[in-house]
Every structure is written in C-alpha cells, then in structure tokens.
Protein chains: 4
Amino acid sequence: MTQRFRLTRRVEFNHCDPAGMVFYPRYFEMISATIERFLADAIDYSWQDMGVFSGGMGTPLGRIEVRFANPGYLGEDLDFDLTLTRLGRSSAVFAIRCSCSNQTRFDCDATIIHARTGGGSSVPWPDAVRARMAAYLTTSEPTDEKTTA
Amino acid sequence: MTQRFRLTRRVEFNHCDPAGMVFYPRYFEMISATIERFLADAIDYSWQDMGVFSGGMGTPLGRIEVRFANPGYLGEDLDFDLTLTRLGRSSAVFAIRCSCSNQTRFDCDATIIHARTGGGSSVPWPDAVRARMAAYLTTSEPTDEKTTA
Amino acid sequence: MTQRFRLTRRVEFNHCDPAGMVFYPRYFEMISATIERFLADAIDYSWQDMGVFSGGMGTPLGRIEVRFANPGYLGEDLDFDLTLTRLGRSSAVFAIRCSCSNQTRFDCDATIIHARTGGGSSVPWPDAVRARMAAYLTTSEPTDEKTTA
Amino acid sequence: MTQRFRLTRRVEFNHCDPAGMVFYPRYFEMISATIERFLADAIDYSWQDMGVFSGGMGTPLGRIEVRFANPGYLGEDLDFDLTLTRLGRSSAVFAIRCSCSNQTRFDCDATIIHARTGGGSSVPWPDAVRARMAAYLTTSEPTDEKTTA
C-alpha cells in the first residue's frame, strides 16, 4: 500500500501578504521544506547526507507546477501530503497536496533531479534510497529503471 | 508588434542557498515582483490602485508552472521578460522567461485572476486595462472576450 | 516565579546562506514568530485578536538589538526562550535567547509598542493582558504603571 | 571628507505584512544587501572575492541594533545610507540610516567581523581594503590599529 508523508505547518504572520492571505512564494518555502523533511525523515537521505554543502549531490528542481484552489489564511494549520507519481532512474516526481481541514489549498507536481551540485550531471538514485522512495509511489506500474533523469 | 516588459534583478546573497545557487522560492518572489511592476509601470493598474489592501480587487494566482533550465548564481544580473499568451475576460496568462546574458534560467507560465480580495469572485478587466494588456499578447488570434476567468 | 516561553525551530535549508549558516534575516523571522506565538498562546491576545488586519491594534517594534555568539547550522533545533525585562504602560521589552543544546546562538532585546496600526498612537495594554504578561517578567521591581510607551 | 554609500530599494508587495507595512525581517534583508553592495561596489572586496563560498573569509555580524522611527509602506523608495563609525583591526561598525524623502524609517548600527567562514577566528582587514573603508568613517579620531576584532 502506498505510503504518504505529511508535514504540518502553522501559517504565521511572516507568510502573509498585505491582502491578509499566504503570499505564494512562502508556499514554495513550505514545499521545499516538505521535500527536505521527506528526504531526511522518511528516506534517510538528507541533503546533508548527499553532501549538498561540500560539492556532493543535490536534488535541484526540474519543473514545478502549482494549481491553486483556495487562499490560505493566518493561523491555519496546513497539511502538506506528499506521494510520488513517478520514480525515474535519477529523478522523481512528487505530488504534494496542501490542505486545511481537508479543504484543498493547492496541488503541486514537482520534479527533482538527483544530480551533482552546481548544475552537474544526473546520477542514479542509490539502491537503498530508491527502494525506500518506491513505497510512496501511487502508481501500480513498475518504475522505469532505464529512464534517464 | 508585441511589446515585452523587462525587469532586471541582481542575484544577492539573500537569494542563494547553501549550495551556492539561487534558492527557487526566491525566484517566485522575483516573479511576483515582475508581475507587480508590470501591472504598475506598464499597465498603470497597480495593486494599490486595485485596492488590494482595502477590500478591493487583487490578482491571485490560479496556476503557475516553472521549467528550470540552468541554475542561477550570486552576482548574476537576471532579466525577467514578460509577455502574455492569453488574455481572458477576467484572467491573463503570462509567459515569463528568466535569463542571464541570453542563457535561460527558467521559463514560467502564470495565470492570474482579476478577482475580489479574500477569495472572492472574478471580475472582468476594466476596458482601459484590457487594452493596454493586449499590447503584450504574443498570439495573433483575437482574445476571447466571452471566456469566463 | 518567572515563567518562560519557549518556541523550538528546526533550521531548514531555506534559512541557510551560501556559507552554510543561518542567514541572519531568517533569525528575525523566527524572532517575530516567537513573539507572535507568545502573544497568541501564552497571553491569549493574538495579532488577529488585536485586529491587526482590520484597522485595530498591533505591536510594532520600537527597537531591536541582537548580539550574536555562535553561528547556527542546518539541522539544528533552536530553542527561543522569551521572558520580559520590562513591562510599560503600553510597551514591553522582551529578552529572547536563542540556543541549541544550551549553547547560545544569540541574545536579543526587543521593544514592542501596543499601538494602533498604520503608525498610530500607543494604547495601554488591556488589564487582563498586562496581568498575564507580568508572569514573564524577570525583574522583581514593580512595573511602572504610569510610564508612557 | 566622509564618503557615504547609498542603496535605494523600492518597497514591494513581498516586503509587506498583513498590516500593510514593511515586515521588519525584510528590512534586515535590505540591510544585508546594503552591506553586500558596499563591500562589492565601494570597497571592491565582495563576499565572492573573500571566498565566502569556498572556505575563505566572510563578514559575520557580531551585533546589530535597529531603532525604528516610522513605518515603511508599499511603493516607497527607501534610501539606505551607510557610513562607518568605527574601523577596528578586523571589525567595522556601520551606521545605516533608512529614509524615504528624508523622513527616517530607522537607524541601524551593525558590527561585522572579518573572520574565517564557519565560525572561525577573526583576521585583520587587508591594507587596501582598510584604506578604502576609512574614507567612509564619520569620526575624526584615528582608527585603532591595535584593537582586536
């Protein structure tokens, strides 16, 4: 059965714009934090482990799409639910739903690449990492082991 | 002939992550600033004019997609070039290319809705605003005056 | 006995600069969040309650000073411990120590004013608010009920 | 005669809080940018030159104090005027005034240390750097060449 990773964040004053709603660049910080915590806590392969500071590996974004459904407001507890819709040889596509009390705030698709830092070439996921990530896949089809990036 | 709106931003320390590259949520602040300056400077219909602070109109995002091509680095002067690919009755789709010395950093499609603040209903663009925005359309086809949102 | 309010924050990637340490403007977001949560959770007088969005009251900063002791790093759990060193008629001085495993990151003194939003005049704390805040005072001397701001 | 370094920034939507004023952590990003541009443009000793990314030198903050005078609002052009009030062997104290049309927003004193990155020991300013910085000193007294940090 597909696992799901959840991060919950309280909307604070610093996230809100003069219209009193969450300023959307702040959502991207929360999306980044969701991926960061997923890799560290669920996959045991944190950015520090990858050596993102020391010329090792990182997970730059290839593409991100967000479809907004309802505005978010100060004081709300937002749930960020992450699953995978695709697991490539050296990439992964996340589906992240942000909701509050089951009302959707937005849906996000984000493609990350496992690659050398500094714009370097992509590198296959380590086997153990790949195995742990597969538990979060929502599709039944086998992941394509031969796909590049 | 299609007009194009350009905002240029220097990448500063505060935009960069521990991997030494632009942290992508900062790009969304720059995208927001590009749309903000376009509406204020090119269209003469700023968020203040709309009354975004005082229960008037705003331009919430409906959808945004960014496709990253190359990482951005400290000290670069980034050009954000904005045109419109669609102008609906109460919406607009922007195409924003971010580049540095003509090398693409990312391409962005962003749909904004002209709507009452606080998650309110959409409202048609004022005629004068609409006319000025049309100059930035890249498509030759007539804009659909009857499309909702 | 003096009470102390604690907020704990994990240092995330989005808080860190290209030197791999916490970028200090992010600390000020955490300081703001500490004061925000203190007022809401410990004092039961949140910014929403004050009407910060609707032309009511707010708590603008009058002065802030931070003395840095040690750099903060990615992955650290930072404790923000807040007490009061002074409680004026319509102001308060917070002492906030940020530490990780009891090693100090910085010490902060921050003066807030209870005032009408938009740069308006100061207004005395409501009695019930004042009474709850007094429990966090570290000084034994009586607070000066007559001091302005 | 004392020189002064000026950075001007337009207040954008992303700098403002739900009360419609500049959210003060954003001011610290602007203060950081003022120091960044001063070192790079006026002193010709940028953070990149120091090797802040590559295990070289940096200029961590030792202490910062800000006294707020008036709130800042969306659309304002803020001038950040920087001079030095002290130039130590391996430190410097900046006085930064933020104003809009000569009305003060805040006054800031910031002490930076010239030190190895990662919390390392302080290192004297290079002579050429020191000479260029001295032109921005507002005090007539000789700087103390022997003072540590």
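> What is the right way to read the state of the cysteines from this model?
Cysteine pairs can be linked by a disulfide, which is a covalent bond between their two sulfur atoms. Residues and elements named next belong to chain B. Under the definition given, this model contains 0 disulfides over all chains. A disulfide-free cysteine, Cys16 has its sulfur positioned 12 Å from the sulfur of Cys100, the nearest such atom. Given the relative accessible area of 4%, Cys16 is considered buried. Its sulfur unpaired, Cys100 is 8.2 Å from the next cysteine sulfur, which belongs to Cys98.

> Help me out: how do you make sense of the relation of the copies chain A and chain B in this one?
Note on the copies: chain A fits chain B at an RMSD of 0.0 Å, the axial shift is 0.0 Å, and the rotation between them is 180°. What we have between these two chains is a two-fold relation. If distances are taken from each C-alpha of chain A to the rotation axis, the shortest is found for A:Glu65, at 2.1 Å. Interface residue correspondence from chain A to chain B reaches 100%, placing this contact among same-surface, isologous pairings.

> Would you explain the relation of the copies chain D and chain A in this entry?
What relates the pair of chain copies is a rotation about an axis plus a shift along that axis. Superposition record for chain D on chain A: RMSD 0.0 Å, screw rotation 180°, translation along axis 0.0 Å. Looking at chain D, 100% of its interface residues are interface residues in chain A too, so the copies touch through the same face.

> Would you take a moment to explain the pairing of strand β5 (residues 91–100) of chain C for this structure?
Regular strands place side chains that alternate from one sheet face to the opposite one. Residues and elements named next belong to chain C. Counted residue by residue, β5 has 9 buried out of 10 residues, so it is predominantly covered. Of the pairings in the sheet, the one linking strand β4 (residues 77–87) to β5 comprises 8 bridges and is antiparallel in character. Its bridge partner lying in β5, Leu87 is registered against Ala92. Between β4 and the antiparallel strand that follows it, β5, lie 3 residues.

> Help me out: how do you make sense of the side chain of C:Glu76 in this one?
All names here are of chain C. On the secondary structure map, Glu76 appears in the loop between β3 (61–68) and β4. A relative accessible area of 15% means that Glu76 is categorised as buried. Excluding anything up to four places from it in sequence, Glu76 contacts Arg9, Arg10, Val11, Cys100 and Arg105.

> Explanation requested: the sheet that holds strand β3 (residues 61–68) of chain D in the structure shown.
Strands in a sheet are paired, the pairing made by backbone hydrogen bonds, and the direction either parallel or antiparallel. Pairing is antiparallel in the open sheet, where 10 strands are placed in the order β1(C)-β4(C)-β5(C)-β6(C)-β3(C)-β3(D)-β6(D)-β5(D)-β4(D)-β1(D). Looking at strand neighbours, the two that pair on one side only are β1 (5–10) of chain C together with β1 (5–10) of chain D, the edges of this open sheet. Along the sheet, successive strands turn relative to each other by an average axial angle of 20°, direction set aside. Across 6 bridges, the pairing between β1(D) and strand β4 (residues 77–87) of chain D is antiparallel. Paired with D:Arg9 across the two strands is D:Leu78, which belongs to β4(D). Docked against the sheet, helix α3 (residues 127–134) of chain D engages β4 and β5 (91–100) of chain D, running at close to 120° with respect to β4(D).

> What's the story with the environment of A:Leu137 in this structure? I'm lost.
On the secondary structure map, A:Leu137 appears in the segment after α3 (127–134). For the pair A:Leu137 and A:Asp77, spaced 60 residues apart in sequence, the C-alpha to C-alpha distance is 26 Å.

> Help me understand unusual backbone geometry in this model?
Both trends apply: most residues other than glycine have a negative phi, and most peptide bonds are in trans. The backbone of B:Asn102 sits at a positive phi, close to 70°, despite the residue not being glycine. Along the polypeptide, B:Asn102 turns up in the loop between β5 (91–100) and β6 (103–113).

> Can you walk me through the interface of chain A and chain B in this structure?
One frequent convention defines the size of an interface as the accessible area lost when the parts assemble. The interface is formed by 26 residues belonging to chain A together with 26 residues belonging to chain B. Between chain A and chain B, a total of about 2,200 Å² is buried, with carbon and sulfur atoms accounting for 64% of that surface. Of all residues in chain A, A:Tyr24, A:Phe28 and A:Leu61 give up the largest surface area on contact with chain B, accounting jointly for 23% of the area buried on that side. Our count for the chain A to chain B interface comes out at 4 salt bridges. The salt bridge involving B:Glu29 is made with A:Arg26; its shortest N-O contact spans 2.8 Å. Joining chain A to chain B, the criterion identifies 8 residue pairs in polar contact (both at pLDDT 80 or more). Elements supplying a minimum of two residues to the side of chain A that touches chain B: α1 (24–42) and β3 (61–68) of chain A.

> Please clarify how helix α1 (residues 24–42) of chain B should be interpreted in this entry.
An α-helical segment advances 3.6 residues per turn. Residues three or four places apart therefore align on the same side. Residues and elements named next belong to chain B. Helix length check: α1, at 19 residues, gives a terminal C-alpha distance of 26 Å against a target of 27 Å (1.5 Å per residue), a fit within 8%. Along α1, 16 of the 19 residues are buried, which leaves the element largely enclosed by surrounding structure. Asp44 sits one or two residues past α1 and shows a positive phi near 60°.

Reading the values: the criteria
Residues numbered from 1 in each chain as written. Chains lettered and ligands numbered in written order. Predicted model: local features only at pLDDT ≥ 70, side-chain atom pairs only at ≥ 80, totals over all residues. Heavy atoms only, no water. Disulfide = S-S within 2.5 Å. Buried < 20%, exposed > 50% of the residue type's maximum accessible area, 1.4 Å probe, protein only. Least-squares fit on C-alpha atoms with pLDDT ≥ 70 in both. Contact = heavy atoms within 4.5 Å. Helix = DSSP H or I, 4+ residues; strand = E, 2+ residues; numbered from the N terminus. Pairing = 2+ DSSP bridges. Axes fitted to C-alpha atoms, helices over the stretch in contact; angles between N-to-C directions. Buried area = accessible area lost by both parts, 1.4 Å probe. Salt bridge = Lys/Arg side-chain N within 4 Å of Asp/Glu carboxyl O. Polar contact = N/O pair within 3.5 Å; in protein donor to acceptor, adjacent residues only side chain to side chain. Expected span 1.5 Å × (residues − 1).

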